[in-house]
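Listed here are the chains, written in short residue letters.
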Amino acid sequence: MEGKIFDIKRFALNDGPGIRTTVFFKGCPLKCSWCHNPESISTKIEEFEQVRELGGQRFSSIQTIGKIISSDSLLSELSKDEQFFQQSEGGITFSGGEPMLQVEFLSDIITKCKNKNYNVVIDTAGFCKQADFDHILDQVDLFLYDIKIIDEKKHMDYTGVSNSVVLRNLEFILDKGANVIIRVPIIPDINNEDQDLKLLEEYLIDKKDRIREIHFLPFHNAAESKYKRFNKDYDLNGIKSQNPQELIDIKERFESKGFNVMIGGL
Ligand code: SF4
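Here's what I pulled together on the structure shown here. (Residues numbered from 1 in each chain as written. Predicted model: local features only at pLDDT ≥ 70, side-chain atom pairs only at ≥ 80, totals over all residues. Heavy atoms only, no water.)

Notes on the site of the ligand
No. 1: Around the ligand, the neighbouring residues are Cys-28, Leu-30, Lys-31, Cys-32, Cys-35, Ser-40, Ile-41, Gly-97, Ala-125 and Lys-148.
No. 2: Here the residues of the shell around the ligand are counted per class, giving 6 nonpolar, 2 polar and 2 charged. (Near = heavy atom within 4 Å. Nonpolar A, V, L, I, M, F, W, Y, C, P; charged D, E, K, R; others polar.)

Here's what the structure looks like:
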């Protein structure tokens, strides 16, 4: 079976336990204002002109984002890192974009990874059919599950979709006993107000014992240059990264309610 990816990152330390190889799937049904991977959103293979000036001369080249790959070829790429997985108790993380958007391909490659005993993590925004989660649930060691904003209208304004599907799917996989870490990107002036955090706390509190951890991900504006490079509009131009103390305060707030909390990824 074939799927569409746009990158493979080796030696990843923030995408799950141990040393991991992260596969970035192409295509995402959301369009978050703060997205750090704008080149991941379109499901199409895209070409961008990259221009560099050197010694007064202008050089241009075409960068292609995305490629079709078979699950066998992908597995043989991933197998190259097997010794790192074994030594560090790491494995493979499927991210994006949204890996659940290509669930048949995802399921195929997960099955192949599990046949080799690799640890499998899915990094998802949760916007897909419930049946898609049901399809892969038994083979996934850990979900990194994004909750971005609880207020539905605000969620639509900043991601382009309602969060009702996302929240329903989270409840579904928790009910099925999935191993879940919640990831919340904290974005200045979008979801970092007291009311946003209060809604998040209220939503998660009765799920506390079934959620392994909450990870609050700090915002940084490194994506700004990427948007320029890929000729895409960036809604958050000029927004400053937050004061680290803000994340510490949020961490302490949720810890005081009994959650296990981290700042950043694993
Ligand atoms: S869900 Fe992730 S990949 Fe998709 S648009 Fe949002 S930040 Fe980008």
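Here's the deal with the nonpolar core
No. 1: One finds Phe-94, Ile-122, Phe-143, Ile-182 and Phe-216 to be the most contacted residues of the largest nonpolar core, which totals 53 residues.
No. 2: Sequence-distant contacts of Phe-94, that is, excluding residues within four places in its chain, are made with Val-23, Phe-25, Leu-78, Pro-99, Leu-106, Ile-109, Ile-110, Cys-113, Val-120, Val-121, Ile-122 and Asp-123.
No. 3: Formed by 17 residues, the second largest nonpolar core is a distinct cluster that contains Leu-30, Trp-34, Val-161 and Ile-190. (Core = buried A, V, L, I, M, F, W, Y, C linked by side-chain atoms within 4.5 Å. Buried < 20%, exposed > 50% of the residue type's maximum accessible area, 1.4 Å probe, protein only. Contact = heavy atoms within 4.5 Å.)

Considerations on helix α6 (residues 164-175)
No. 1: For α6, built from 12 residues, the straight-helix expectation of 16 Å at 1.5 Å per residue is met to within 8% by its first-to-last C-alpha distance of 17 Å.
No. 2: Inspection of α6 places Val-166, Leu-167, Asn-169, Leu-170, Phe-172, Ile-173 and Leu-174 among the buried residues, and these make up the whole buried set.
No. 3: Against the buried residues of α6 lie α4 (130-136), β8 (142-146), β9 (180-186) and α7 (194-204). (Helix = DSSP H or I, 4+ residues; strand = E, 2+ residues; numbered from the N terminus. Expected span 1.5 Å × (residues − 1).)

Some words on unusual backbone geometry
No. 1: With omega at 15 degrees, the peptide bond leading from Gly-96 into Gly-97 counts as cis.
No. 2: In this fold, Gly-97 is placed in the loop between β6 (91-95) and α3 (103-115).
No. 3: A positive phi angle, near 60 degrees, is found at Asn-231, a position not held by glycine.
No. 4: Residue placement: Asn-231 occurs in the loop between α8 (223-229) and α9 (244-255).

Considerations on the pattern of salt bridges
No. 1: With the rule as written, the count across this model stands at 23 salt bridges.
No. 2: Between Asp-146 and Lys-148 there is a salt bridge, with the nearest N and O atoms lying 2.9 Å from each other. Taken as a pair, Asp-146 and Lys-148 share a single burial class, namely buried.
No. 3: Note that Lys-154 and Asp-196 form a salt bridge whose closest N and O atoms lie 2.7 Å from each other. In this pair, Lys-154 is assigned in helix α5 (residues 152-159) and Asp-196 in helix α7, connecting sequence segments 42 residues apart.
No. 4: It is possible to trace a salt-bridge network through shared partners that takes in Arg-10, Glu-77, Lys-80 and Asp-81. (Salt bridge = Lys/Arg side-chain N within 4 Å of Asp/Glu carboxyl O.)

A closer look at the packing of helix α1 (residues 71-79) against α3
No. 1: The N-to-C vectors of α1 and α3 enclose an angle of 45 degrees; their axes lie 10 Å apart at closest approach. For the element pair α1 / α3, the angle class is oblique. Along this stretch, α1 crosses α3, giving a crossing that reads as right-handed. Counting all contacts with α1, which are made through Ser-71, Asp-72, Leu-74, Leu-75 and Leu-78, the residues of α3 involved are Phe-105, Asp-108, Ile-109, Lys-112 and Cys-113.
No. 2: Across the contact of α1 with α3, the residue classes break down as 6 nonpolar, 1 polar and 3 charged. (Axes fitted to C-alpha atoms, helices over the stretch in contact; angles between N-to-C directions. Parallel < 35°, antiparallel > 145°, perpendicular 65-115°, else oblique. Left-handed = near helix turned anticlockwise from the far one by under 90°.)

Quick look at the side chain of Ser-95
No. 1: As for its position among the elements, Ser-95 is in strand β6.
No. 2: A residue is classified by how much of its surface remains accessible, and Ser-95, at 5% relative accessible area, is buried.
No. 3: Residues in contact with Ser-95, not counting those within four places in the same chain, are Thr-22, Val-23, Phe-24, Phe-25 and Asp-123.

Coordinates in, geometry out; function isn't part of it.
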